[in-house]
Amino acid sequence: MLKQALLIVNPASGNHDNKSELIDSITKNTTGYKVTQWNTTGKDDDQKINKLLDKEDFDLIMVAGGDGTISLVASQMLGLNTPLLPIPLGSANGLCACLGIQNLEDSITALNAKKTIQMDILRVNGEICLHLCDFGFNAALVKKFEENEERGMISYFKSSLTQIFENNKFSFNLELNGESLNQNAKMLVIANGDRFGTGVKINPLGKMDDGKFEVVVLNPDSIKDWTALILAFIKEDLSGLDFVEVFQTNRVHITNLKDAVCHVDGEVIDDQKTVLIELIDKSINFFSNV
Ligand SMILES: Nc1ncnc2c1ncn2[C@@H]1O[C@H](COP(=O)(O)OP(=O)(O)OP(=O)(O)O)[C@@H](O)[C@H]1O
């Protein structure tokens, strides 16, 4: 007897010319499943997905979209045992990058290998966060991208250089592991995963199923520091850099003293003066290739 799969598709995510063929090939490649497709609408999708999941018992949930769509579906699956197969059809796909899923073929590989992890989930001021949340340098880039039409790696590189020369300085108070720490930083990253969607490994210690997350404080101040940081990213090893500190925890309270821009899984959230980030006691069963 065929198992039941729900395929949730965001028709508006990413920028794929051949999206409908990709969606068709998902159904063709999931042999053994009867696939029901449901498209997001951009309005009250959380409630609609909640109803769908309530109405029927699915054996598999597939989500084709970007981080925002995967996060939306995941937020309705807390406490469910049903595995979630992410299919990277967004523009950045940071979460999928951390799961070793770069494209549709990788999703199918993970499905066929039946490899899943019980992924830790963070809550950031009440909102679900699967992948990472950061303040300062990278969040300002994400915000520029949201406001700008320009896309692609060249534009990302140009914006990064501008940001380096702008040299915006931020400071934060962190309450974690029973300590209160004041930190100056160009960027503060709260990471469940190990990398950005661009592939840059910002958190080499990151494991998404280890019951903790990392707080990475980066404060490069000179061209020499930035060069050392870029080399460290290439080597995927941030150890030995005196302007980088990494803390592991399951709860941090952040006071954003100089109003750094913040984003959660790629969605910019402005005016976050105080932010509580904690691991919640429920995980989600995600297909993964790592
Ligand atoms: N049918 C729809 N029409 C327009 N917008 C939609 C529709 N369905 C969902 N959305 C919007 O899509 C956004 C989420 O997109 P998502 O993050 O998945 O993709 P992305 O932005 O292309 O990728 P990434 O987050 O990886 O950069 C939400 O803002 C949601 O409101």
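Residues numbered from 1 in each chain as written. Predicted model: local features only at pLDDT ≥ 70, side-chain atom pairs only at ≥ 80, totals over all residues. Heavy atoms only, no water.

**Here's the deal with the pattern of salt bridges**
For the record, the criterion: A pair is scored as a salt bridge if a Lys or Arg side-chain nitrogen falls within 4 Å of a carboxyl oxygen belonging to Asp or Glu. Numbering goes from the N terminus for both helices and strands, where a helix is a DSSP run of H or I of at least four residues and a strand is a run of E of at least two.
For the structure shown, the criterion picks out eight salt bridges. Lys 273 is the partner of Asp 259 in a salt bridge, and the nearest nitrogen-oxygen pair spans 2.6 Å. Here Asp 259 is found in the loop between strand E14 (251–256) and strand E15 (262–264), whereas its partner Lys 273 is found in the loop between strand E16 (267–269) and strand E17 (274–279), with 14 residues between them in sequence. Several salt bridges converge on common partners, so that one network encompasses Asp 194, Arg 195, Lys 201 and Glu 236.

**Let's talk about the nonpolar core**
Quick note on the threshold: Residues grouped as a nonpolar core are buried Ala, Val, Leu, Ile, Met, Phe, Trp, Tyr and Cys residues, joined through side-chain atoms within 4.5 Å. Relative accessibility under 20% of the residue-type maximum defines a buried residue, over 50% an exposed one, and the middle range a partly exposed one, all with a 1.4 Å probe and only protein chains included.
Ranked by size, the top nonpolar core spans 46 residues in total, and within it Ile 61, Ile 87, Met 119, Leu 130 and Phe 286 carry the most contacts. One finds Cys 129, Leu 174, Val 215 and Phe 247 within the second-largest nonpolar core, a separate group that totals 24 residues.

**Quick word on the UniProt feature "domain: DAGKc" (unreviewed entry) in the chain**
In plain terms, the rule: UniProt positions are given in the numbering used here, feature names are shortened, and annotations may be inferred rather than shown by experiment.
The feature "domain: DAGKc" (unreviewed entry), as annotated in UniProt, sits at residues 1–128 in this numbering. In residues 1–128, the share of helix is 36% and the share of strand is 27%. The end C-alpha atoms are 35 Å apart.

**Considerations on the environment of Ile 8**
Note the following rule: Contacts are assigned to residue pairs with any non-hydrogen atoms lying within 4.5 Å of each other.
By the secondary structure assignment, Ile 8 is in strand E1 (residues 3–9). According to the relative accessible area criterion, Ile 8 is buried, its value standing at 0%. Contact partners of Ile 8, with chain neighbours within four places excluded, come to Trp 38, Thr 40, Ile 49, Ile 61, Met 62, Val 63, Ala 64 and Val 73.

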